[in-house]
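# Examination of the molecular architecture
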Amino acid sequence: VKRLWWAMAVVVAFCGLGERLYAHPAPFSFIDVRLTSNELEVTAVLHVWDVAYEYGIEDPNDLLDPAILRLRASDLGRLIAGRFELHADGNPITFDDWSFPEIVSSRQSIRLQSTVDLRAAPGHLQLSADLFPYDPNHQTFLNFYEDELTAQAILGGSERDYEYFVGSRQGTIAVLQRFIPAGGHHILIGPDHLLFLIGLLLLGGNWRQLLFVVTAFTIAHSVTLSMAVLNILSPPARLVEPVIALSIVYVGLDNLLARGGKDVRVWIALLFGFIHGFGFASVLREMGLPTGALGWSLFSFNFGVELGQLMVVLVVAVVLAQIRTRSPRIADQIAVVGSVGVIIAGAFWFVERVFFSGGVA
């Protein structure tokens, strides 16, 4: 009998807890950012459950009473301001003047606003928010407006930040300033892409030949970069990265086996450039592409990559041309030794990416 009573007690307790948990709505809030030429308005809509937790109110519905809200949560704006940051073109925006909390009964929520005057229209906004840290599942829905809704995002879990590029001339300039250096930086610190490009230059040639090689590589990787970013075709990195390593091995082997034969470097650059484009795309996606400026960000990143490539081509091609002019024999030795080095590096990366980085298998 005692066991039966204990079992019934556990069931009742569980049902009561289940009812309480079930009554808790999906944990989320809303932040609307409205931007005009001379002011920035932020509206926060917060569910009464979260606000009640912050103020130790047992029944969240009590906050739907204006008298209780006025008494217990009058400083809600100050609370939110401490967990919400907004930067315009790198400069912090301070929201001091929040409206008094307004009850939105239909949504069981509380709404408050704050407006800041701007000296100049920004091109780039950086928003960070962790409104209710007590709940790891809490999500904040972001909406950006410029006359109309222009972008949406969700912050929650490990995602705390979001970048927004304004749809104006200032926004376009901000995109260019952000993604052109990023593209150049990536090609200069990406040893696999650089080694592939240098391998194509080791055999030398006139400027017309080298221009065709670089142009073929540029066209190819630009096509697949765009396709991947636009989600038209996007193979997984575990397949792309090993193939990029194999492309480096192939360039070195072609240099050794085809010396004095037909120059097919343009076709090699074109073929494997398609693969390298998917590698560029993975980096660009990790940066977080602005949905409202996708075209400009894609163009800017690509342009930065081309500038980086041009720097490498000019330096390597000029140095090799000078060596070949003074001593063709030494230039040939450099081509052989360099090609062997390219093969070894490519083979090392292939083994590493397949067997130690969760590659093809």
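Check the entry above for the structure.
An account of the accompanying structure is given in this report. (Residues numbered from 1 in each chain as written. Predicted model: local features only at pLDDT ≥ 70, side-chain atom pairs only at ≥ 80, totals over all residues. Heavy atoms only, no water.)

### Details of the sheet that holds strand 9 (residues 148-156)
Pairing in this open sheet of 6 strands is mixed, and the strands run 5-6-2-1-8-9 from one edge to the other. Two strands close off the open sheet at either side, each with one partner strand: strand 5 (102-104) and strand 9. For this sheet, the mean angle separating the axes of adjacent strands, direction not counted, is 20°. Judged from the 8 bridges that link them, strand 8 (residues 139-146) and strand 9 form a sheet pairing that is antiparallel. When the bridges of strand 9 are listed, E146 appears paired with E148. In this fold helix 2 (residues 48-55) packs onto strand 1 (28-35), strand 2 (39-47) and strand 6 (109-117), with an angle of close to 85° to the strand it touches most, strand 2. (Pairing = 2+ DSSP bridges. Helix = DSSP H or I, 4+ residues; strand = E, 2+ residues; numbered from the N terminus. Axes fitted to C-alpha atoms, helices over the stretch in contact; angles between N-to-C directions. Contact = heavy atoms within 4.5 Å.)

### Details of the packing of aromatic side chains
Overall, the coordinates contain 15 aromatic pairs when judged by the stated rule. Relative to F299, the ring of W296 has its centre 5.9 Å away and its plane inclined at 85°; by these criteria the two rings are edge-to-face. Remark: F299 and W296 occur in helix 10 (residues 294-326); sequence separation between them is 3 residues, near one turn of the helix. For W296, a relative accessible area of 43% translates into the label partly exposed. We classify F299 as partly exposed; its relative accessible area is 46%. Above the face of the F30 ring, R107 is positioned so that its terminal group lies 4.9 Å from the ring centre. The positively charged end of R178 is found above the aromatic ring belonging to F179, 5.3 Å away from the centroid. (Phe/Tyr/Trp six-rings, centres within 6.5 Å; stacked < 30°, edge-to-face > 60°. Buried < 20%, exposed > 50% of the residue type's maximum accessible area, 1.4 Å probe, protein only. Lys NZ or Arg CZ within 6 Å of the ring centre and 35° of its normal.)

### Remarks on the environment of L46
Summarising the element assignment, L46 is placed in strand 2. In sequence terms L46 and S29 are 17 residues apart; their C-alpha atoms lie 5.0 Å from each other. If we ignore the near neighbours within four places in the chain, the residues touching L46 are S29, V51, L76, I80, Q108, S109, I110, L112, L131 and F132.

Fair warning: the whole summary comes from geometry, so function is off the table for now.
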